[in-house]
Amino acid sequence: MSRFAEVTVSQPLREVLEFICNVPFRVAASLAIIGFFVLAAIAPKVLQTHDPLAIDLSSSLQSPSTVHWLGTDQLGRDLYSRVLEGAGQSLAIGLGATALSISVALILGVAAALFAGVVDSILTRIFDVLFAIPTLLLALVFVTVFGPSVLTEVIAVGIATAPGYARMIRGQMLSIKGTGYVEAAKALGHPFPRIAWRHILPNTMNPLTAMMTIGVGQAIIWASGLAFLGLGVAPPAPEWGALLNAGRNYVIYSWWLEVIPGLAVTIFALSLTIVGGHLQDRLEGKA
Amino acid sequence: MTLILMKGNEAVKLVAQNPLVWFARRILSGVVVVWAAATFAFLTQCLLPGDRAQIIINVRSGNVGPAPPAELAAVNAQYGFDQPLVVQYANYIWRILHGDLGESYQQHRPVVGIIAEQIGPTIVLAIAALLTAWAIAVLATLLIAGRDNIWSKLLSGAQIFLATVPPYWLATILLVVFAVNLRIFPVVGESTAMGLVLPTLALALELSGFFGQVVLNEFTRVLEQPFVTSARARGMSDFGVRLHHVLRHAALPGITLSGWALGKLLSGAILIEIVFARQGLGGVLVAATSSRDVPIVSGAVLISAGLFVLLSVIVDLAYRMLDPRMKLT
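Residues numbered from 1 in each chain as written. Chains lettered and ligands numbered in written order. Predicted model: local features only at pLDDT ≥ 70, side-chain atom pairs only at ≥ 80, totals over all residues.

- Within an unreviewed UniProt entry, the label attached to chain A reads Peptide/nickel transport system permease protein, and the organism entered is Bradyrhizobium elkanii.
- Quoted verbatim from the Sequence similarities (unreviewed entry) heading of the UniProt record, the comment on chain A is "Belongs to the binding-protein-dependent transport system permease family."
- UniProt, in its Subcellular location (unreviewed entry) section for chain A, records the words "Cell membrane". (UniProt positions renumbered as here; feature names shortened; annotations may be inferred.)

1. Describing the overall build of chain A
Here is step 1 of the chain: Within chain A, the regular secondary structure consists of 11 helices and zero strands.
Here is step 2 of the chain: Mapped from its N terminus to its C terminus, chain A presents α and β elements in the order α-α-α-α-α-α-α-α-α-α-α.
Here is step 3 of the chain: Seen along its three principal axes, the alpha-carbon backbone of chain A occupies a region of about 80 × 55 × 25 Å.
Here is step 4 of the chain: Considering only residue pairs separated by 6 or more positions, chain A has 65% of its internal contacts joining residues 24 or more positions apart. (Helix = DSSP H or I, 4+ residues; strand = E, 2+ residues; numbered from the N terminus. Contact = placed C-beta atoms within 7 Å.)

2. Observations concerning the environment of leucine 231 of chain A
Here is step 1 of the chain: Within the fold, leucine 231 of chain A resides in the loop between helix H9 (192-228) and helix H10 (240-247).
Here is step 2 of the chain: Along the primary structure leucine 231 of chain A and leucine 201 of chain A are separated by 30 residues, whereas in three dimensions their C-alpha atoms are 37 Å apart.
Here is step 3 of the chain: In contact with leucine 231 of chain A, other than residues within four places in its own chain, are Val143, Pro148 and Leu226 of chain A together with Thr289 and Ser290 of chain B.

3. Describing the UniProt feature "transmembrane region" (unreviewed entry) in chain A
Residues and elements named next belong to chain A.
Here is step 1 of the chain: Per the UniProt record, the feature "transmembrane region" (unreviewed entry) sits at residues 23-43, 91-119, 126-144, 150-168, 208-233 and 253-276.
Here is step 2 of the chain: In residues 150-168, the share of helix is 100% and the share of strand is 0%. The end C-alpha atoms are 28 Å apart.
Here is step 3 of the chain: Span residues 208-233 is 81% helix and 0% strand, its end C-alpha atoms 29 Å apart.

4. A look at the confidence of the model for chain A
Here is step 1 of the chain: Averaged over every residue, the pLDDT of chain A is 84; the share at 70 or more is 94%.
Here is step 2 of the chain: Per-element confidence in chain A ranges from a low mean pLDDT of 73 for helix H1 (residues 11-21) of chain A to a high of 90 for helix H2 (residues 25-42) of chain A. (pLDDT = per-residue confidence, 0-100.)

5. So, the environment of phenylalanine 131 of chain A
Here is step 1 of the chain: Its location among the elements puts phenylalanine 131 of chain A in helix H5 (residues 118-132).
Here is step 2 of the chain: Separated by 55 residues in the primary sequence, phenylalanine 131 of chain A and glycine 76 of chain A place their C-alpha atoms 44 Å from one another.

6. Structural notes on helix H6 (residues 135-146) of chain A
Here is step 1 of the chain: Compared with an ideal rise of 1.5 Å per residue, which puts 12 residues at 16 Å, H6 of chain A spans 17 Å between its outermost C-alpha atoms and is within 8% of the ideal.
Here is step 2 of the chain: Among the 12 residues of H6 of chain A, 11 are classified as buried, and the element is accordingly described as predominantly covered.
Here is step 3 of the chain: Three or more residues of H6 of chain A are buried, namely Thr135, Leu136, Leu137, Leu138, Ala139, Leu140, Val141, Phe142, Val143, Thr144 and Val145 of chain A.
Here is step 4 of the chain: Buried residues along H6 of chain A sit in contact with helix H7 (150-177) and H9 of chain A together with helix H2 (19-47), helix H11 (238-275), helix H12 (281-290) and helix H13 (294-322) of chain B. (Expected span 1.5 Å × (residues − 1). Buried ≥ 20, exposed ≤ 12 C-beta atoms within 10 Å, placed from the backbone.)

7. Details of unusual backbone geometry
The phi torsion of most residues other than glycine is negative, and most of the peptide bonds are trans.
All names here are of chain B.
Here is step 1 of the chain: The phi dihedral of alanine 277 falls on the positive side, at around 50°, and the residue is not glycine.
Here is step 2 of the chain: Within the secondary structure, alanine 277 sits in the loop between H11 and H12.
Here is step 3 of the chain: For arginine 292, which is not glycine, the phi dihedral falls at a positive 55°.
Here is step 4 of the chain: Here arginine 292 lies in the loop between H12 and H13.

8. A look at the packing of helix H6 (residues 111-144) of chain B against H11 of chain B
All names here are of chain B.
Here is step 1 of the chain: Close contact between H6 and H11 brings their axes to 8 Å; oriented N to C, the two are set at 145°. Seen along the crossing, H6 lies across H11 with a hand that is right-handed. Packed against H6, whose contacting residues are Thr122, Leu125, Ala126, Ala129, Leu130, Val138 and Leu142, the element H11 presents Arg242, Leu243, Leu247, Ser258, Ala261, Leu265, Leu266, Ala269 and Glu273 at the interface.
Here is step 2 of the chain: Split by residue class, the contact of H6 with H11 holds 12 nonpolar, two polar and two charged. (Axes fitted to C-alpha atoms, helices over the stretch in contact; angles between N-to-C directions. Left-handed = near helix turned anticlockwise from the far one by under 90°. Nonpolar A, V, L, I, M, F, W, Y, C, P; charged D, E, K, R; others polar.)

9. Concerning the interface of chain A and chain B
Here is step 1 of the chain: If you look at the interface, chain A gives 35 residues, while chain B gives 42 residues.
Here is step 2 of the chain: Elements represented by at least two residues in the side of chain A that touches chain B include exactly H5, H6, H7, H9 and helix H11 (256-286) of chain A.
Here is step 3 of the chain: Per-element tally for the side of chain A that touches chain B: the top contributor is H6 of chain A, with nine residues.
Here is step 4 of the chain: When grouped by side-chain class, the residues that make up the side of chain A that touches chain B number 23 nonpolar, nine polar and three charged.

10. Comments concerning helix H4 (residues 79-114) of chain A
Here is step 1 of the chain: Relative to the 52 Å expected for 36 residues at 1.5 Å per residue, H4 of chain A spans 50 Å between its end C-alpha atoms, a close match to the ideal helical length.
Here is step 2 of the chain: Most pronounced at alanine 87 of chain A, the bend in H4 of chain A amounts to some 35°. (Bend = angle between axes of the 7 residues up to and from the residue.)

Written out as structure tokens, the structure is:
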């Protein structure tokens, strides 16, 4: 079967080993980038070269150099260190928004799939309506109503991206509902909640995991988009979106202040997309 | 992807129906969506934490302190906040039916007028970007589909990159490179044709990444169909087969994406108008959001929902006309 077949290891362990050995280069590189940013989020001090909040007016607006790897901002603060410092908050916002989005989507999607008929058609209509409103506009509504803050950002992005997941969960659950093993469980007389919990939900989780991986990156992009418009976190926090918003005024003379934080967002989201895509391919290939 | 499959299934189910019945149902479900969006817009206005009259007075005057009761009562009476919610809701829907989306808290002008003034440049930008995105996606697909060489790998990698990259960041890069350093295009968004090029590209490139991936998948699938082999057997050139036979089929599911793209385009346009300081809905909406001018934001929600419904009806109609398999006797 494979080159690990002769080694007597347990099935899950073998799968993990195979997974690690068969990873293409782009996925490995993406995992390394994600690891780097996660490390920056957990322990920013390890990777920083300067104090991200230390003001040094004598070296303001310097372009990237050996001392300041990614340049400095208008107050002479080191941009490389600030981008790393911002990773924590950006990752937290992305994860928070995705978690909220998935929770809302799971409740709505599961309800729509399990209670066919009136509930389903009402919920499907609600997804239609949320789909008809552009994501950013929906997020703007939440910011208008609750005022800009980290929590609003998480709620706005979480709710605005939920309909996509909900539709996918509903479709996935409906297709699983019609499979042979669910029919078999029904024939064995298992109560429906047990079937839903033991059979339908676990099989929905696979594609959901891949989607969530990509979703975290997208959530960070939306959240930093809000902050870019000046509707996000208050300025002193070096969150990526806030850095983008601050850099906007200097883009003509000090391009790095705008380009670098955007690059961080892009590279991170791209890595998550590549890993998510790889997961999707693997999970589909297995099914 | 799911979208197309679902649309596909729906379309298959619809074949047996009378086209008029189909059309009537389609319009009806569109009306329901717009009505629900209106209800959502109304609810957001009620959700505003704190006393609405107080907020309106603060937005108007720029003060933060509490207003005298007489002033509050006047505002409450003016906007009908002293009436029960059901009456307010009925009035709101009634006014929408008469083309009235309320009055801006800050500008003291009807929301419809404010949005109508600014929506023109945004729509021009969105349409230009949609067409450009299609052109790029189709061209890329014609060149790379079914071929396994360095170019096809590079281009499909570029598509993934473009579909992920934040549009406001791409816009900034284009601005820095082509307007600031190379000075080919104006820095600040002008209403001239030259001023439209960079914003359009910034908006179109992201979308072309999405379109490209979908069209490419479908294109590769169609390339393996028997009618393609038969066209080749007749001695048609490879490019001719791609252009005349495969593209028509591959473009069909892509067309359904155009409705979905509207939301993406509007979201992107708001950000890109801010980057290029262009006139349009973006500036108005961002200003309204930061000053908590709810009627403008919820008015925009309602209008974009209406546009979305209109566009998806048109897309469905176009789909039925373009695909002979959907035609009824």
